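So the chains spell out like this:
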Amino acid sequence: MSIKHYLQFSDFTADEYAYLFARAALIKRKFKAYEKHHPLVDRTLAMIFEKASTRTRVSFEAGMYQLGGSVVHLTTGDSQLGRAEPIEDSAKVISRMVDLVMIRTFGQDKIERFAAHSRVPVINGLTNEFHPCQILADIFTFIEHRGSILGKTVAWVGDGNNMANTWLQAAEILGFKVHVSTPSGYEIDQSVAGLRSADSYKVFKDPMDACRGADLVTTDVWTSMGYEAENEARRKAFADWCVDEDMMKVARPDALFMHCLPAHRGEEVQAEVIDGPQSVVWDEAENRMHVQKALMEYLLLGRIA
Ligand code: CP
Ligand code: NVA
């Protein structure tokens with residue numbers, strides 16, 4: 001039987017997402033009621049971080065313990081990964097000892113190579129190209145607050161980065177629209193997301209136009225991890241791509257604001273917006289844990305009736 005990995009959002013179908021969102025809701029309810037949910041007793045998750053993290057580390061680690069399992073935490077600096085052991089060799093060794101692997105790294109090719117040599121499911125905890133666990137949490141959060149995302153409009157304001165690519169994949173699979181506005185030179189590239197068509201997104205020069213009528217406005221840092229050398233150039237290029245109250249005003253009156261965090265108030269988002277009444281960023285962060293618990297359970301045990 002082939003192993004199921006979660007390397008990009010397009011690895012799952014709309015039907016699998018419907019199952020995962022329902023399962024995450026149940027797992028969250030049980031967590032809030034202090035009800036034990038231990039389907040992964042004796043299972044171990046290896047978490048490999050080649051970039052910094054707060055939310056991904058805490059949500060996977062706490063989540064795995066809550067499922068009855070345990071975790072091993074590895075970084076480039078404290079493992080042989082930082083001393084040029086081939087990724088294929090690392091995959092063969094690590095996957096003989098654990099049941100599941102989560103990786104945060106640079107190029108998507110690296111996680112693909114790891115998965116190709118792994119005996120166990122591999123989860124993308126962020127690459128330069130994608131951040132599927134975050135969008136899983138974001139859409140779950142949208143559903144909690146507003147119901148189905150089908151037919152809705154998401155405004156993406158900012159960098160054509162890993163988050164933007166993942167939103168594009170999600171829109172095509174789940175049937176909503178993304179209005180994208182990026183500074184020139186930082187556009188999205190449809191081929192990275194590997195979309196079937198351009199039907200599920202629309203590009204706008206002016207971020208105000210992207211936000212007009214949107215059900216959700218979302219953004220991310222101007223400089224993603226790994227691109228720090230471009231920091232100064234990006235600061236200048238992105239100056240007009242700060243989500244402010246004017247942008248929120250042209251969105252739907254009940255529009256939500258999301259940010260995967262960490263955020264820089266006064267750069268990609270005004271404090272009044274991220275700390276304002278339309279912002280659901282704290283629910284969004286918490287939901288990382290609930291959806292990832294559903295994801296880990298699904299990858300190891302399949303659908304539970
Ligand atoms: N949103 C997110 O992935 O946060 P961390 O970088 O803190 O894991
Ligand atoms: N786009 C950001 C997301 C951080 C969670 C980055 O890759 O650094």
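Residues numbered from 1 in each chain as written. Chains lettered and ligands numbered in written order. Predicted model: local features only at pLDDT ≥ 70, side-chain atom pairs only at ≥ 80, totals over all residues. Heavy atoms only, no water.

Draft legend 1. Local environment of the packing of helix α1 (residues 14-32) against helix α12 (residues 281-301). Between α1 and α12, whose axes approach to 8 Å, the crossing angle comes to 120 degrees. For the pair α1 and α12, the sense of crossing is right-handed. Taken together, the residues of α12 that come into contact with α1 (itself represented by Glu-16, Tyr-19, Leu-20, Arg-23, Ala-24, Ile-27, Lys-28, Phe-31 and Lys-32) are Glu-286, Asn-287, Met-289, His-290, Val-291, Lys-293, Ala-294, Leu-295, Glu-297 and Tyr-298. (Axes fitted to C-alpha atoms, helices over the stretch in contact; angles between N-to-C directions. Helix = DSSP H or I, 4+ residues; strand = E, 2+ residues; numbered from the N terminus. Left-handed = near helix turned anticlockwise from the far one by under 90°. Contact = heavy atoms within 4.5 Å.)

Draft legend 2. Structural context of the site of ligand 2. Near ligand 2, the surroundings consist of Leu-126, Asn-161, Asn-162, Asp-220, Val-221, Ser-224, Met-225, Cys-260 and Leu-261. Separating a nitrogen atom of ligand 2 from a side-chain N or O atom of Asn-161 is a distance of 3.4 Å. In this structure, Asp-220 approaches ligand 2 through a side-chain N or O atom, which is 2.6 Å from a nitrogen atom. Protein chains bury 93% of the 270 Å² of accessible surface belonging to ligand 2 in isolation. (Near = heavy atom within 4 Å. Polar contact = N/O pair within 3.5 Å; in protein donor to acceptor, adjacent residues only side chain to side chain. Areas by Shrake-Rupley, 256 points an atom, 1.4 Å probe, with all protein chains shown as cover.)

Draft legend 3. Inspection of the nonpolar core at higher detail. Among the nonpolar cores identified, the biggest contains 56 residues, and Tyr-6, Ile-123, Ile-139, Trp-167 and Phe-176 are the most heavily contacted of them. Excluding residues that lie within four positions of it along the chain, Phe-176 makes contacts with Ile-139, Ile-149, Gly-151, Lys-152, Val-154, Trp-167, Ala-170, Ala-171 and Ser-200. Listed in part, the 20 residues of the second largest apolar core include Trp-241, Val-273, Ile-274 and Val-281. (Core = buried A, V, L, I, M, F, W, Y, C linked by side-chain atoms within 4.5 Å. Buried < 20%, exposed > 50% of the residue type's maximum accessible area, 1.4 Å probe, protein only.)

Draft legend 4. Expanded view of the site of ligand 1. Around ligand 1, the neighbouring residues are Ser-53, Thr-54, Arg-55, Thr-56, Arg-104, His-131, Gln-134, Cys-260, Leu-261 and Arg-288. Cys-260 is positioned such that a nitrogen or oxygen atom in its backbone is 2.9 Å from a nitrogen atom of ligand 1. One of the side-chain nitrogen or oxygen atoms of Arg-288 is found 3.0 Å away from an oxygen atom of ligand 1. Looking at side-chain class alone, the shell around ligand 1 contains 2 nonpolar, 5 polar and 3 charged residues. (Nonpolar A, V, L, I, M, F, W, Y, C, P; charged D, E, K, R; others polar.)

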